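Fold and geometry: a report
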Amino acid sequence: MVRCFVLFFIVCCVNEVFCTQDSGGAQSEPVAAQGATSCGCEHLKRVAAVEPVEDSTVSADPALKYSKGANERLQEAQGDDENILSQMVLISGGEFLMGTDNPAIPADGEGPQRPVHVDSFYMEIQEGFVNATGFITEAENFGDSFVFEGILSESVKNQITQAVAAAPWWLPVKGANWRHPNGPDSNITDRSPTAPGPKGDFLQRQNGSTPAEGALKTDFTPGETSLNPKGQHYANLWQGDFPNHNSAEDGYIQTSPVMSFPANGFGLHDIVGNAWEWTSDWWTVHHTTEHQQNPIGPSSGTDKVKKGGSYMCHKSYCYRYRCAARSQNTPDSAASNLGFRCVSQEKR
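If you're wondering where the values come from, they're calculated on a predicted model, not measured in any experiment.

1. Comments concerning the confidence of the model for the chain
Detailed reading of predicted coordinates is not advised where the pLDDT is low. On average, residues of the chain score 74 in pLDDT, and 67% of them reach the 70 mark or higher. Every residue in residues 55-75 is under pLDDT 50, and counting partners more than four places away or in other chains gives 39 contacts. Low confidence marks residues 77-83, where pLDDT is under 50. Its contacts with residues over four positions away, or in another chain, come to 7 contacts.

In structure tokens, the structure reads:
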């Protein structure tokens, strides 16, 4: 199986600098940037520190529903779910500039800018998960997943006594997984699922892999002129005051059904926003300026790089829907805004 590379537009969430010791005593990579605001998703580790939950300050409107029009367009476009979820497009190889010499958050390893060549590869047009494989995710194995407080029902929140200390709007929810993204009292009838958590076995069954980290033109920021040119939204991002209120001007207060927004020039949907997407690269903040051919990142590490951002990203709080932005988490992490898509050297 050959690793392939994605032309990714990206978003990132990181908070404070701290180092940990691995089992061999070596110092691991810094996992966050001091002073950078964050949605807190980099803290959603299986060993994350949690603390008792106090009264909620999140005031998301539970009556706000998914866009009816987007759901209807999705149903018309999908037809056979398994066919659409396995559809791939060719991404032609070539040269691009990865990273930036003008990083917004230098400690995240957004720079320096360096020339990179990648070979051609195929990529799924959307985030997705094929139910027919019978794959069991880590969220199902562990029996829980982290979910943003603002999208949970009161009955679920009333059963939770702990929260992530560094980001108290993230709660560990028993029974939350891709079938029940917001806990046992939720379902996926109004959206196509993404699978939270690790994906190795699933990718092997699908004869694919997650993409390596990369970008098409990394000084470009999606929506840098306007997030909704001509009044149209092109990505599922946060509108309003994070984390207290999502005005859902784009039609969604949480993850949206796949293909709810227009595809980019490659025919790929949700490259920005909606759900973070795993890559195959181990996290590092140190990069060479030399030209590279099909780089695959460090040979080992503790965290994996994730790209693309999620519906929780906003310029005022988690400004990481820039092409050079990036984030990380441990490979066994599971959260309601985290998924993946497959790439392959050959079309499937």
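2. Looking at the sheet that holds strand β3 (residues 94-98)
With mixed pairing, 3 strands are arranged side by side in an open sheet as β3-β4-β12. Strand pairing shows two members of the sheet lacking a second neighbour, β3 and β12 (292-293), which therefore form its edges. Note that β3 and strand β4 (residues 114-118) share 5 bridges and pair antiparallel. Looking at β4, one finds that Leu-97 is bridged to Pro-115.

3. With respect to empty space enclosed by the protein
In this approach the atoms are scanned with a rolling probe the size of a water molecule, which exposes any empty space left behind. Overall, the coordinates contain 3 cavities of 30 Å³ or more when judged by the stated rule. The volume enclosed by the second largest cavity comes to roughly 60 Å³. For the lining of the second largest cavity, the per-class residue count stands at 3 nonpolar, 4 polar and 5 charged.

4. Overview of the packing of aromatic side chains
Tallying each qualifying case throughout the model produces 9 aromatic pairs. When the centroid spacing of 6.1 Å and the interplanar angle of 15° are considered together, the rings of Phe-148 and Phe-242 count as stacked. Here Phe-242 lies in the loop between β9 (240-241) and β10 (245-246) and Phe-148 lies in strand β6 (residues 144-148), a separation of 94 residues in the sequence. Between Trp-169 and Phe-242, the aromatic rings sit 5.6 Å apart at their centres with planes inclined by 80°, giving edge-to-face as the arrangement.

5. Brief notes about unusual backbone geometry
The step from Gly-111 to Pro-112 runs through a cis peptide bond, and the omega angle for that step is 0°. Residues Phe-242 and Pro-243 are joined by a peptide bond in cis, for which omega reads 0°. Tracing the chain through its elements places Pro-243 in the loop between β9 and β10. One non-glycine residue, Ala-248, lies in the positive phi region at around 55°. Looking at the element boundaries, Ala-248 is found in the loop between β10 and β11 (276-282). Note on Ala-248: relative accessible area 11%, which makes it buried. The residue Met-259 is not glycine, and still its phi comes out positive at about 70°. Structurally, Met-259 can be placed in the loop between β10 and β11. Residue classification places Met-259 among the buried positions, given a relative accessible area of 18%.

Here is what the cut-offs are and how they apply
- Residues numbered from 1 in each chain as written.
- Predicted model: local features only at pLDDT ≥ 70, side-chain atom pairs only at ≥ 80, totals over all residues.
- Heavy atoms only, no water.
- pLDDT = per-residue confidence, 0-100.
- Contact = heavy atoms within 4.5 Å.
- Pairing = 2+ DSSP bridges.
- Helix = DSSP H or I, 4+ residues; strand = E, 2+ residues; numbered from the N terminus.
- 1 Å grid on protein atoms, 1.4 Å probe; cavity = no way out; pocket = protein on both sides within 12 Å on 5 of 7 lines; lining within 4 Å.
- Points joined across faces, edges and corners; volume = space filled by probe spheres on them.
- Nonpolar A, V, L, I, M, F, W, Y, C, P; charged D, E, K, R; others polar.
- Phe/Tyr/Trp six-rings, centres within 6.5 Å; stacked < 30°, edge-to-face > 60°.
- Buried < 20%, exposed > 50% of the residue type's maximum accessible area, 1.4 Å probe, protein only.

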